Every structure is written in structure tokens, then in C-alpha cells.
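Residue strings, one per chain:
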Amino acid sequence: MMNEKTISTACEQETLALAQRCAAVLKGGEIIFLRGPIGAGKTIFVKGIAQALGLKSSPTSASFSLMKRYHNRQKTLYHIDLFRLSETEVFNLGFEEMLEDEKAIILAEWPDPITQMMPQDRLEMDFTLTGGDNRQITLRAGGAVSRALMEKLL
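If you're wondering where the values come from, they're calculated on a predicted model, not measured in any experiment.

Definitions and limits used
- Residues numbered from 1 in each chain as written.
- Predicted model: local features only at pLDDT ≥ 70, side-chain atom pairs only at ≥ 80, totals over all residues.
- Heavy atoms only, no water.
- Helix = DSSP H or I, 4+ residues; strand = E, 2+ residues; numbered from the N terminus.
- Rg over C-alpha atoms; globule rule 2.2 N^0.38 Å.
- Buried < 20%, exposed > 50% of the residue type's maximum accessible area, 1.4 Å probe, protein only.
- Contact = heavy atoms within 4.5 Å.
- Areas by Shrake-Rupley, 256 points an atom, 1.4 Å probe, with all protein chains shown as cover.
- Lys, Arg positive; Asp, Glu negative; His and termini not counted.
- Charge placed at Lys NZ, Arg CZ, Asp CG, Glu CD.
- Salt bridge = Lys/Arg side-chain N within 4 Å of Asp/Glu carboxyl O.
- Polar contact = N/O pair within 3.5 Å; in protein donor to acceptor, adjacent residues only side chain to side chain.
- Core = buried A, V, L, I, M, F, W, Y, C linked by side-chain atoms within 4.5 Å.
- Pairing = 2+ DSSP bridges.

Below, the discussion takes up the overall build of the chain. Within the chain, the regular secondary structure consists of four helices and seven strands. Its helices and strands taken in sequence order, the chain reads β-α-β-α-β-β-α-β-β-β-α from the N to the C terminus. Computed over its C-alpha atoms, the radius of gyration of the chain comes to 14 Å, within 12% of the 15 Å expected for a compact globule of 154 residues. Taken over the C-alpha atoms alone, the chain extends approximately 40 × 35 × 30 Å along its principal axes. When the 154 residues of the chain are sorted by exposure, 46% land in the buried category. Partitioning the contacts of the chain with sequence separation of at least 6, the portion at a separation of at least 24 is 63%. With an accessible surface of roughly 7800 Å², the chain has 50% of that area assigned to carbon and sulfur atoms. On the chain, the mean spot of the 18 positive side-chain charges and the mean spot of the 19 negative ones are 6 Å from each other.

Written out as C-alpha cells, the structure reads:
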């Protein structure tokens with residue numbers, strides 16, 4: 001049973017601020033699924049986390065590369081973008097290695113093809129455009145780690 005909460009943001013800066021609050025409590029080992037239509041703010045959220053973690057290069061949409069890895073001494077960020085891929089097409093991306101890395105933070109856009117490969121304890125964020133730059137972000141936590149993360153974001 002997943003806990004569910006909703007947050008609203010009214011502009012890109014508020015989405016970035018949410019990402020910064022999220023980054024401030026990431027220890028490593030967290031998995032965040034990001035869903036929503038193109039332009040809903042998923043990649044902005046990923047950029048905000050990377051910036052707040054002090055990672056050198058700024059993530060762009062990973063749609064053309066499927067997975068990008070950013071790291072510094074403290075953290076490793078995996079940005080996965082599985083737009084238009086099927087479960088069979090993502091089988092060899094190296095998820096076992098990511099999941100074994102305690103410093104890894106996994107942010108997955110369009111995560112449906114890997115849902116069965118990932119632990120249930122993950123924070124799922126559904127971005128919905130509600131007009132203009134307004135969005136609703138529905139958070140669902142699937143375990144103790146993601147529940148603690150979600151509570152810090154509210």
C-alpha cells in the first residue's frame with residue numbers, strides 16, 4: 001500500500017525549489033520515478049537535484065542516451081529516461097550495478113519498462129500540467145525510505 005500526497009508548483013522556480021529540498025535529504029540508495037507528459041517538469045526536477053548536489057554537468061533530457069551517470073565524491077546520480085522503450089529493450093542497462101551502489105540515487109523518467117526490476121521502496125512522482133506553468137505533483141511512497149523522503153518534501 002502506497003502513501004499518497006499532492007504538491008502544487010506554479011512555476012519552474014518552484015519545481016526547482018522542490019528538487020533542492022529533495023536533494024538536501026538524499027543520502028544515496030533512493031529511487032525516484034518521474035511520470036508525466038513532455039514538458040511537465042520532470043527534467044527540470046532532475047536538473048534541480050543535480051545542481052543542489054553540486055554535480056558538475058547539468059542533466060539534459062536523457063531520451064537519446066537512455067541513461068546518464070553524474071557523480072562526485074559523495075553521490076552518484078543515475079538519470080534514466082525510458083521514453084518509448086519496452087521492458088525487453090531495457091533489460092541490459094545495468095540496473096543490478098546501480099542497485100548495489102549505496103551512494104546511487106536513481107531518477108527514472110518514463111519508468112514503466114523497469115517497474116518490475118526495481119524495489120517497491122521508491123518515490124513515484126506524477127507531474128500533471130494544470131494550466132500555464134502550474135503543475136500538480138502527486139507523490140506515492142512504496143516503503144520506509146521513500147515515505148521518509150516524501151514527508152521531508154511536504
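Still to come is the rest of the account.
Within the secondary structure, Glu 30 is located in the loop between helix 1 (12-25) and strand 2 (31-35). Notably, Glu 30 is buried but unbridged: the nearest opposite-charge side chain belongs to Lys 27, and the N-O separation is 5.7 Å. A distance of 2.8 Å separates a polar atom in the side chain of Glu 30 from the backbone nitrogen of Gly 28. When residues no more than four places from it in sequence are discounted, the contact partners of Glu 30 are Val 25, Ala 104, Ile 105, Ile 106, Val 145 and Leu 149.

A word on the nonpolar core. If you look at the biggest cluster of nonpolar residues, it comprises 28 residues, and the most contacted ones within it are Ile 32, Phe 45, Ile 49, Leu 123 and Met 125. Going through the elements one at a time, helix 1, strand 2, helix 2 (42-52), strand 5 (104-109), strand 6 (123-131), strand 7 (134-141) and helix 4 (144-153) are the ones with two or more residues in this core. Counting residues in each nonpolar core, the second largest holds 14 residues, with Ile 31, Val 90, Phe 95 and Met 98 among its members.

Let's shift gears to unusual backbone geometry. Not every positive phi belongs to a glycine, and Trp 110 is a case in point at roughly 55 degrees. Here Trp 110 is to be found in the loop between strand 5 and strand 6.

Now for the side chain of Arg 35. Structurally, Arg 35 is set in strand 2. For Arg 35, a relative accessible area of 18% gives the class buried. Residues contacting Arg 35, with those up to four places away along its chain left out, are Lys 42, Pro 111, Asp 112, Thr 115, Glu 124, Met 125, Asp 126, Phe 127 and Arg 140.

Note that strand 2 and strand 6 share four bridges and pair parallel. Looking at the pairing, Leu 34 lines up with Met 125 of strand 6. Pairing analysis gives eight bridges linking strand 6 to strand 7, with the strands arranged antiparallel. Across the sheet, the residue bridging to Phe 127 is Ile 137, located in strand 7. In this antiparallel pair of consecutive strands, strand 6 and strand 7, the connection spans two residues, and Gly 132 shows a positive phi of 60 degrees.

Before going further, it helps to examine the pattern of salt bridges. Scanning the model with the defined rule gives seven salt bridges in all. For the salt bridge of Arg 35 with Asp 126, the shortest nitrogen-to-oxygen distance reads 3.9 Å. Of this pair, Arg 35 sits in strand 2 while Asp 126 is found in strand 6, placing the two residues 91 residues apart along the sequence. The structure contains a network of salt bridges with shared partners spanning Glu 4, Arg 35, Asp 112, Arg 122, Glu 124, Asp 126 and Arg 140.

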